[in-house]
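# Notes for the structure review
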Amino acid sequence: MSVTTDPVRVGILRRRIRWIVAFTITYNVVEGIIALIAGGIASSAALIGFGLDSFVEVLSAAAIAWQFAAKDPETREKPALRIIAVSFFALAAYVTVDAVLSLTGLREPEHSPVGIALAAISLAVMPFVSWLERRAGRELGSASAVADSKQTLICAYLSAALLVGLLLNSLFGWAWADSLAALFIAGFAVKEGREAWRGDACTVPVAALTGELEIDDHHHDHDGQHEHA
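My aim in this report is to walk through the structure given alongside it, one point at a time. (Residues numbered from 1 in each chain as written. Predicted model: local features only at pLDDT ≥ 70, side-chain atom pairs only at ≥ 80, totals over all residues. Heavy atoms only, no water.)

## Points about the overall build of the protein chain
- Assigned secondary structure in the protein chain consists of eight helices and zero strands.
- Reading the helices (α) and strands (β) of the protein chain from amino to carboxyl end gives α-α-α-α-α-α-α-α.
- Classification of the 229 residues of the protein chain by burial places 47% in the buried group.
- Restricting the contact set of the protein chain to residue pairs at least 6 apart, pairs at least 24 apart contribute 76%.
- With the model as given, the accessible surface of the protein chain reaches about 11,000 Å², and the carbon-plus-sulfur share is 68%. (Helix = DSSP H or I, 4+ residues; strand = E, 2+ residues; numbered from the N terminus. Buried < 20%, exposed > 50% of the residue type's maximum accessible area, 1.4 Å probe, protein only. Contact = heavy atoms within 4.5 Å. Areas by Shrake-Rupley, 256 points an atom, 1.4 Å probe, with all protein chains shown as cover.)

Below you can see the structure in the form of C-alpha cells.
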C-alpha cells in the first residue's frame, strides 16, 4: 500500500490518529476499571488479565499520542514502538502468573455477568477502532500507529477468548476454561510484543516488521510496486 506524501492528507491522517487515540484511552480506562473490579469479585484470571490489558492499551495509546504531538512524529517512532513492546511483555507476564494460580487451584473463578457483558461490548467495538487506526497508519507509513492498531485488535481477540472462557465457566462450571483464556491472552501478547520490539531494525522496513509489507518470495507483486515507485 502506498504512503501518502500530500501535506494536507498527512495532516488529516495525523489528526485522525490523535482522535482515535483519545477515544481508545477513554474507553480502555473505563473498561479496565470495570474489568478489574469484576475480576476481583469473581476471582477470574482471564477477567483480571483483560482489565490489565485495557490499561496496557492506555499506555500504548499514550505512546502514540506522545509521538504525534511532535512536529516531526517520525523522530519518536522508535521509542514509541519500544514502549508498546514492553507493555505487551508486562501484560503477558502478569496474566501467565495469574492463570497458573487458577490452574493450581489457588483461585476458583466464579460466574461474572458483568464480565460477560463487558467482553461482548468490547468484541463489537474494538475491531472497528483497530481498523480505522490501522488504515490511517498504513497510509501515513507509521509503524507505531500500525503497532498500536494491533494492540487494539488484540483487545478484540481477548474479548472473544474472555467471553468463551466466562461462558464455559458459567454454563458448565469449567473453571479451567477461564485460565486457558488467560493463557491465550498472554501468548498473543508475547507474539505482538516481539514484533513491535523488532520494529526499530534499520536493515528492514519497519512496515515489514509490523506485517504491513510482505518480504517473502510469495509476494513479488509488492516488490514490483516498490520498484516502480
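## Things to note about the packing of aromatic side chains
- Taken as a whole, this structure holds four aromatic pairs when the rule is applied.
- Plain terms: the ring middles of Phe128 and Trp131 are 6.3 Å apart, the flat faces sit at 25° to each other, and that makes the pair stacked. Of this pair, Phe128 and Trp131 both sit in helix H4 (residues 113-140), three residues apart, roughly one helical turn.
- A relative accessible area of 51% places Phe128 in the exposed class.
- Residue classification places Trp131 among the partly exposed positions, given a relative accessible area of 45%.
- For the ring pair Trp174 and Trp176, a centre distance of 5.5 Å and an interplane angle of 15° mean the geometry is stacked.
- Taking the relative accessible area as the measure of exposure, Trp176 reaches 43% and is therefore partly exposed.
- An aromatic cluster is defined as three or more aromatic residues linked by ring pairs; in this entry it consists of Phe172, Trp174 and Trp176. (Phe/Tyr/Trp six-rings, centres within 6.5 Å; stacked < 30°, edge-to-face > 60°.)

## Regarding the pattern of salt bridges
- On inspection of all chains with the given rule, the structure shows one salt bridge.
- Its salt-bridge partner being Glu139, residue Arg9 comes within 2.7 Å of it at the nearest N-O pair. In this pair, Arg9 sits in helix H1 (residues 7-42) while Glu139 sits in helix H4, placing the two residues 130 residues apart along the sequence.
- Residue Arg9 is classed as partly exposed on the basis of its relative accessible area of 26%. (Salt bridge = Lys/Arg side-chain N within 4 Å of Asp/Glu carboxyl O.)

## Focus on the environment of Val3
- Inspection of the secondary structure puts Val3 in the segment before H1.
- Residues Val3 and Arg138 lie 135 residues apart in sequence; the distance between their C-alpha atoms is 7.0 Å.
- Non-local contacts of Val3, meaning those with residues more than four positions away in its chain, are made with Arg138, Glu139, Leu140 and Gly141.

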